[in-house]
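A look at the structure
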Amino acid sequence: MARIAIAGAGLAGRLVAFALSRAGHAVQVFEAGPGPAPSFDGQGAAAFTAAGMLSPLAEMEKAEPEVAELGYASLRLWPQIVASLRLPVQLQCQGSLLLAHRQDLGSAQRILARLPGAPAPLAAGALRELEPALLPSGLLAWLLPGEGLINPVQAMAALHAGAEGAQWHWQQPVASVEAGGLLLANGTRVAADWAIDTRGLGARSAELPLRGVRGEVLQLRLTSHGLRRPVRLLHPRHRVYLVPRSESELMLGASEIESEDRSEVSLQSAVELMAAAHSVMPALSEARITRLDRNLRPALPDNKALAHCAPGLIRLNGLYRHGWLLAPALVQQVLNQAGLATLEQELHP
Ligand SMILES: Cc1cc2nc3c(=O)[nH]c(=O)nc-3n(C[C@H](O)[C@H](O)[C@H](O)COP(=O)(O)OP(=O)(O)OC[C@H]3O[C@@H](n4cnc5c(N)ncnc54)[C@H](O)[C@@H]3O)c2cc1C
């Protein structure tokens, strides 16, 4: 049994705490925020704000093929992780849809050309059958099988509850993380066999030049909205997606702005997101806006994820816009390398 000290209780920190406590290690987690629940005020874990799209193919619009490979590995792990949690977590892998208005076909085709396997457009009848809530006339659609969604707020609560035996220390900002332990901002040293840095943007240093990429989302309520799977609109100016949360709730996201402004959602972002979403799903005109939220995605200069393992020290960061998609595969990779746990074995002990 190893002594583990984790800095940051966001997505990566909770997943690592879950895996290592299940493997029987003595886990302590130190988090700057006040508690395990989200505050939806632009502070704290980006993980709570995320829409929870699990889109290895659609993400290739902007990312490298490695993201798709890791994404598919995570898509195999998520059902096992969710099945071993005590609290319920919405997880769905019945494909996602890419959409484009006919007049935007040119720019959509440039994006589709980046995707392996060149998906074929759906006939209008097939689209109506798959997603009757969408407006089919003038709308082109491509089905990406196997893609899915997870409910981040539920998953964060369930990972926290599922890390049985872990000790959680809230309002304990960590100043630095090195092999052998952590230095808390209050000057206390915490000794550990393994120190694990999962502070997201809070880990920024000269060696780790992270930046925050602002993202804004809206939560909508609409009785029986009828949307069955995540949809992403390929639009020349806006990247917009809708993610069904429950029969009456949807997430609409997300802006992507090179800014570290954590203030409230801007009118321009809200209007652009809502107008684009309404153009594919007219019933949204009756939707109620139940939450506007924003946060900063932790990104490195090359927008690639960092999964670093050296003796006594692990750093997981730079998950950018793909954290929910990549985290299980990256956690599995670094814990294997460290010889601390095999995520798959912990799920089937
Ligand atoms: C609007 C938006 C939409 C998104 N949509 C998706 C999506 O659909 N699919 C997807 O895969 N990803 C999505 N993401 C990205 C995903 O949320 C992030 O990649 C992921 O949350 C990063 O996880 P993390 O654990 O590295 O950081 P975080 O989740 O940000 O967690 C970092 C934690 O460290 C804590 N911390 C910071 N500094 C310190 C310190 N000094 N000491 C102790 N604790 C500290 C923070 O309070 C926080 O709890 C989205 C993000 C945003 C903002």
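Details of the structure are given in the entry above.
Residues numbered from 1 in each chain as written. Predicted model: local features only at pLDDT ≥ 70, side-chain atom pairs only at ≥ 80, totals over all residues. Heavy atoms only, no water.

Things to note about the pairing of strand 1 (residues 3-7)
For strand 1, a buried count of four out of five residues is recorded, marking the element as mostly surrounded by other parts of the structure. Two elements, strand 1 and strand 2 (residues 26-30), share five bridges in a ladder whose sense is parallel. Of the residues in strand 2, the one forming a bridge with Ala7 is Phe30. In this fold, strand 1 hands off to helix 1 (residues 11-22), which returns the chain to strand 2; that crossover is right-handed. In the sheet, strand 1 pairs with strand 12 (residues 194-197) via four bridges, with the strands oriented parallel. In the strand pairing of strand 12, Ile4 is matched with Trp194. (Buried < 20%, exposed > 50% of the residue type's maximum accessible area, 1.4 Å probe, protein only. Helix = DSSP H or I, 4+ residues; strand = E, 2+ residues; numbered from the N terminus. Pairing = 2+ DSSP bridges. Right-handed = clockwise from strand over helix to strand, strands pointing away.)

Observations concerning the sheet that holds strand 9 (residues 174-178)
One open sheet accounts for three strands, arranged 9-10-11; its pairing is antiparallel. The strands lining the two open edges of the sheet, one partner per strand, are strand 9 and strand 11 (189-191). Here the average twist between neighbouring strands, direction ignored, is 15°. Across four bridges, the pairing between strand 9 and strand 10 (residues 181-184) is antiparallel. From the neighbouring strand, Val177 faces strand 10, where its bridge partner is Leu182. (Axes fitted to C-alpha atoms, helices over the stretch in contact; angles between N-to-C directions.)

Describing the layout of surface pockets
Looking at the second largest pocket, its volume works out to about 260 Å³. Looking at the second largest pocket, it is lined by 18 residues, and the ones nearest its centre are Glu64, Val67, Asn303, Lys304 and Ala305. For the lining of the second largest pocket, the elements supplying multiple residues, two or more each, are helix 2 (65-83) and helix 7 (323-338). Class assignment for the residues of the lining of the second largest pocket results in nine nonpolar, four polar and five charged. (1 Å grid on protein atoms, 1.4 Å probe; cavity = no way out; pocket = protein on both sides within 12 Å on 5 of 7 lines; lining within 4 Å. Points joined across faces, edges and corners; volume = space filled by probe spheres on them. Nonpolar A, V, L, I, M, F, W, Y, C, P; charged D, E, K, R; others polar.)

Focus: the nonpolar core
Ile4, Leu20, Ile81, Trp324 and Leu340 are the most contacted members of the largest nonpolar core, which has 55 residues in total. Per-element accounting of this core gives the leading share, 10 residues, to helix 7. The contact partners of Leu340, leaving out residues within four places of it in the chain, are Ala2, Ile4, Leu20, Ala23, His25, Trp194, Ile314 and Leu335. Formed by 24 residues, the second largest nonpolar core is a distinct cluster that contains Leu99, Leu220, Leu233 and Met281. (Core = buried A, V, L, I, M, F, W, Y, C linked by side-chain atoms within 4.5 Å. Contact = heavy atoms within 4.5 Å.)

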